Amino acid sequence: MAVNHVYDDSTFETFFANPPEGLEFDALDRSRIPRHISCIMDGNGRWATAQGLSRGEGHKAGIVSLREIITACVRLGVEVMSAYAFSTENWHRPAAEVNLLMHLFAQTFVDELPLLKRENVRVVFLGDISALPKRTREVFEYGLNETAHHTGMVLALAVNYGARAELARAARLLAEDVAAGRTTPDAIDEAAVASKLYTAGLPDPELIIRTSGELRLSNYLLWQAAYSEFYITSTYWPDFDRWGLIDAILTYQGRDRRFGGIHE
Ligand code: IPE
Ligand code: IPE
Ligand code: MG
């Protein structure tokens, strides 16, 4: 599987040339692209099993999809793209699969960093990356520093992320602030909680895409998803591509977002 690309010199027009028949690509309203698109990248294992491959091959194929969707989001002018790569519950998988994923994360990040830099992407991590194996952690920290000054799209990678752990951590940080006299219980409002989440400073996702057909959040962005629109496709993540993303955005653009109000 070719994971190592030197760079991608596509423009919006060349990247989105030749849309498949049946997709209303011309109906895309480029002035109403979600600011933050989030992907729950699910189905790598089932994709692999369905073709007689190992789950590891599925994860490798999933990286190729991730790269395509990152490029698509950059070309679309998305401000923030986030992706759920490894949950706090995924540690329960067999050690061999966890090790393979951690190795793959580190290797892919090394391979893809030149492209991310060329595209002016700023990488941030959601989750506790200090608990990752040494090499993966070091590569991630290197990438964080190398892209910290970038002003293009923010790529938020959720690795060792769980929304409940994130909320418990926010509560702990706020309690520490109270104990140290930096704030008072009365001053703790929604903005104060949001400021202690891994996503502090980022807009909430307007659109959350989940592949492989599962109808659940799996401990992802419980706070931030309060008013997100969901797009679920039965396509497995390795088969999800730029056109699937366009279909998700077209679906989003057809939704009536009321935020508890009434239809206009
Ligand atoms: C998603 O694919 C990737 C990770 C959770 C790391 P899965 O590995 O969950 O694939 P399925 O759901 O078993 O098919
Ligand atoms: C969610 O997928 C987590 C990631 C995509 C990283 P899972 O495969 O872990 O979720 P469940 O087990 O089907 O809920
Ligand atoms: Mg899964």
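Everything here concerns the structure above.
Residues numbered from 1 in each chain as written. Chains lettered and ligands numbered in written order. Predicted model: local features only at pLDDT ≥ 70, side-chain atom pairs only at ≥ 80, totals over all residues. Heavy atoms only, no water.

1. Examining the pattern of salt bridges
To be explicit about the condition: Each salt bridge in this description consists of a side-chain nitrogen of Lys or Arg and a carboxyl oxygen of Asp or Glu lying within 4 Å of one another. Elements are defined by DSSP. Helices are runs of H or I of four residues or more, strands are runs of E of two residues or more, and each kind is numbered from the N terminus. For each residue, the accessible area found with a 1.4 Å probe, counting protein chains only, is set against the maximum for its type, and the residue is called buried under 20%, exposed over 50%, and partly exposed in between.
On inspection of all chains with the given rule, the structure shows 20 salt bridges. Ionic pairing is found between Arg35 and Glu79, a salt bridge with its closest N-O pair at 3.0 Å. A residue pair is termed long-range when its members are at least 10 positions apart, and Arg35 in the loop between helix H1 (12–15) and strand S1 (36–40) and Glu79 in the loop between helix H3 (55–76) and strand S2 (80–87) qualify at 44 residues. Residue Arg182 pairs with Asp177 through a salt bridge whose shortest N-O separation is 2.7 Å. Accessibility expressed as a relative area gives 13% for Asp177, which makes it buried. Overlapping salt bridges bring together Asp42, Arg46, Arg210, Glu214 and Arg216 as one network.

2. So, the site of ligand 2
Note the following rule: Near residues are defined by distance, with any heavy atom within 4 Å of the molecule or strand qualifying the residue. Pairs of N or O atoms are called polar contacts if they sit within 3.5 Å, as long as, within protein, a hydrogen donor faces a hydrogen acceptor (for residues adjacent in sequence, only side-chain-to-side-chain pairs). Where accessible areas are quoted, they stem from the Shrake-Rupley method and a 1.4 Å probe; at the residue level, only the protein chains shown are allowed to cover. Gly falls in the polar group here, along with every residue not listed as nonpolar (Ala, Val, Leu, Ile, Met, Phe, Trp, Tyr, Cys, Pro) or charged (Asp, Glu, Lys, Arg).
Ile40, Met41, Asp42, Tyr84, Ala85, Phe86, Asn90, Arg93, Arg210, Arg216 and Ser218 make up every residue found near ligand 2. Between an oxygen atom of ligand 2 and a side-chain N or O atom of Asp42, the distance comes to 3.2 Å. Arg93 places a polar side-chain atom, nitrogen or oxygen, 3.2 Å from an oxygen atom of ligand 2. In isolation ligand 2 has 390 Å² of accessible area, and contact with the protein removes 78% of it. Take the shell around ligand 2: its biggest share by element is three residues, from S2. Of the residues contributing to the shell around ligand 2, the split by class is five nonpolar, two polar and four charged.

3. So, the site of ligand 1
The environment of ligand 1 is made up of 13 residues, and the closest members are Met41, Asp42, Gly45, Arg46 and Arg93. Gly45 places a main-chain nitrogen or oxygen 2.9 Å from an oxygen atom of ligand 1. At 2.9 Å from an oxygen atom of ligand 1 is found a side-chain nitrogen or oxygen belonging to Arg55. When ligand 1 sits alone it has 380 Å² of accessible area, and the protein chains cover 87% of it. Sort the elements by how many residues they give to the shell around ligand 1 and helix H2 (residues 44–50) lands first, with three residues. Partitioned by chemical class, the residues of the shell around ligand 1 number three nonpolar, five polar and five charged.

4. Focus: the environment of Phe109
To keep things clear, this is the line we draw: Contacts were defined at the residue level, with two residues in contact if any of their heavy atoms lie within 4.5 Å.
Examined against the element boundaries, Phe109 turns out to sit in helix H4 (residues 95–118). A relative accessible area of 6% means that Phe109 is categorised as buried. C-alpha of Phe109 to C-alpha of Leu126: the two residues are 17 residues apart in sequence and 15 Å apart in space. Other than its neighbours up to four places away in sequence, Phe109 contacts Leu116, Val123, Phe125, Val139, Phe140, Gly143 and Leu157.

5. Thoughts on the sheet that holds strand S3 (residues 122–126)
Backbone hydrogen bonds are what pair the strands of a sheet, in a parallel or an antiparallel way. So the rule is basically this: Strands qualify as paired when DSSP identifies two bridges or more between them. In this analysis, axes come from line fits to C-alpha atoms, helices being fitted only over the stretch in contact, and the angle between any two N-to-C directions falls in the range 0 to 180 degrees.
Read across the open sheet, the six strands follow the order S3-S4-S2-S1-S5-S6; overall the sheet is parallel. Only two strands of the sheet have a single partner each, and these edge strands are S3 and strand S6 (229–232). Recorded for the sheet is a direction-independent mean angle of 20° between the axes of neighbouring strands. As paired strands, S1 and S2 are joined by five bridges and run parallel to one another. Note on S2: the bridge partner recorded for Ile37 is Met81.

6. Some points on the pairing of strand S4 (residues 154–161)
Counting buried positions along S4 gives eight out of eight residues, so the element sits mostly inside the fold. Here seven bridges tie S2 to S4, and the two strands are oriented parallel to one another. In the sheet register, Ser82 faces S4, and the bridge partner there is Ala156. When S3 meets S4, the two strands line up parallel, connected through five bridges. In the strand pairing of S4, Leu126 is matched with Ala158.

7. Comments concerning the nonpolar core
Operational definition: Each nonpolar core is a collection of buried residues, namely Ala, Val, Leu, Ile, Met, Phe, Trp, Tyr and Cys, held together in the definition by side-chain atoms within 4.5 Å.
Judged by nonpolar contacts, the single largest core of 52 residues is most densely connected at Leu76, Met81 and Leu245. A per-element tally of this core places H4 first, with eight residues. If we skip the residues at most four places from it in the chain, Met81 touches Ile37, Cys39, Leu66, Ile69, Ile70, Cys73, Met153, Val154, Leu155 and Ala156.

8. Things to note about unusual backbone geometry
Despite not being glycine, Asn219 has its phi angle at roughly 65°, a positive value. Within the element layout of this structure, Asn219 appears in the loop between strand S5 (207–210) and S6. For Asn219, a relative accessible area of 15% puts it in the buried group. Phi is positive for Phe259, close to 50°, though the residue is something other than glycine. By the secondary structure assignment, Phe259 is in the segment after helix H8 (242–253).

Bear in mind that shape data such as this cannot, by itself, settle questions of function.
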